[in-house]
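Read off the chains here:
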Amino acid sequence: MRSPERNHAQTLLGLLLAALAAYGLLLHWWWTAPMLDMGEEITSLQREALELRMESAQREQLRAELSRLSELAQTQGGFLSEANKELASAALVQRLESVVTASVTGQRCKVTARTPIESTAKEPFTRVAIQVRLQCGMSELAAVLHALEGGSPQLFIDNLDVLSRRAYLGAGEAASGALDVSFDLYGYLHGNRRSGDDD
């Protein structure tokens, strides 16, 4: 025969199990679980809102930095300053001739050809290029290339081809312009983006 205390404990245990079962069936899935999911969603939205606020706060700073860099590029002469490709090509030729003239020792360097060329490269800014041919001594060539790439506006040299003319010259002529040099000289127009880049 069971004691009253044991019956009482079993009754309480049964009531507790029934309460847990009722909670699991009725409250947890219909109330607690949705509330927990909602809490996680609210936390996620709060995190996203915080990230958006941080990005928004940095937007003006980024705009100011872009403006500063743009002004710096203009003041430092990184881009060609001419209004169009034709004027920029003429300016490139003038720059080339002035650099070659300044680098000349006697008659050891001269421009024999300079021709505007069209660039087919897909780039964010408009490239202005000329094809150059020189007859130079070695030291003058080094000075010319250094002056072109190291000055302002920023210019670039590509497709450099150097041939020795000594095999075709006599001993007296070999000291004058012993190298036959060709290369592409180019720069970029500021604020002139190639058409179609924003499509």
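Remember, it's a predicted structure, so these values are computed and weren't measured experimentally. (Residues numbered from 1 in each chain as written. Predicted model: local features only at pLDDT ≥ 70, side-chain atom pairs only at ≥ 80, totals over all residues. Heavy atoms only, no water.)

Q: Just checking my understanding: could you explain the overall build of the protein chain for this structure?
A: Looking only at helices and strands, the protein chain features three helices and four strands. For the protein chain, the sequential pattern of α-helices and β-strands runs α-α-β-β-α-β-β. Sorting the 199 residues of the protein chain into buried and exposed places 24% on the buried side. Considering only intrachain contacts with a sequence separation of at least 6, the fraction spanning at least 24 residues in the protein chain is 70%. Looking at the protein chain as shown, the accessible area adds up to about 14,100 Å², and 58% of this sits on carbon and sulfur atoms. (Helix = DSSP H or I, 4+ residues; strand = E, 2+ residues; numbered from the N terminus. Buried < 20%, exposed > 50% of the residue type's maximum accessible area, 1.4 Å probe, protein only. Contact = heavy atoms within 4.5 Å. Areas by Shrake-Rupley, 256 points an atom, 1.4 Å probe, with all protein chains shown as cover.)

Q: Any chance you could explain unusual backbone geometry here in plain terms?
A: Among all residues except glycine, the phi angle is most often negative; among peptide bonds, the trans geometry is most common. The phi angle at Asn159 is positive, at roughly 55°, despite the residue not being glycine. Positionally, Asn159 belongs in strand S3 (residues 156-164).

Q: When you look at the nonpolar core in this model, what are you seeing that I'm missing?
A: In summary, soluble globular proteins display a tendency toward joint burial of nonpolar side chains. Of all hydrophobic cores here, the largest spans 24 residues; its most connected members are Leu96, Leu134, Leu148, Phe183 and Leu185. Sorting the residues of this core by element identifies helix H2 (85-103), strand S2 (125-136), helix H3 (138-150) and strand S4 (179-193) as the ones contributing at least two each. It is H2 that contributes the most residues to this core, six residues altogether. Residues in contact with Leu185, not counting those within four places in the same chain, are Leu92, Leu96, Val128, Ala129, Ile130, Val132, Leu148, Leu155, Phe156 and Ile157. (Core = buried A, V, L, I, M, F, W, Y, C linked by side-chain atoms within 4.5 Å.)

Q: What is the right way to read the side chain of Arg127 from this model?
A: Structurally, Arg127 is set in strand S2. Accessibility expressed as a relative area gives 15% for Arg127, which makes it buried. Within the structure, Arg127 has its side chain in polar contact with the side chain of Glu123 (distance 2.9 Å). Beyond its immediate stretch of four places on either side in the chain, Arg127 contacts Lys85, Ser119, Ala121, Tyr186, Gly187 and Tyr188. (Polar contact = N/O pair within 3.5 Å; in protein donor to acceptor, adjacent residues only side chain to side chain.)

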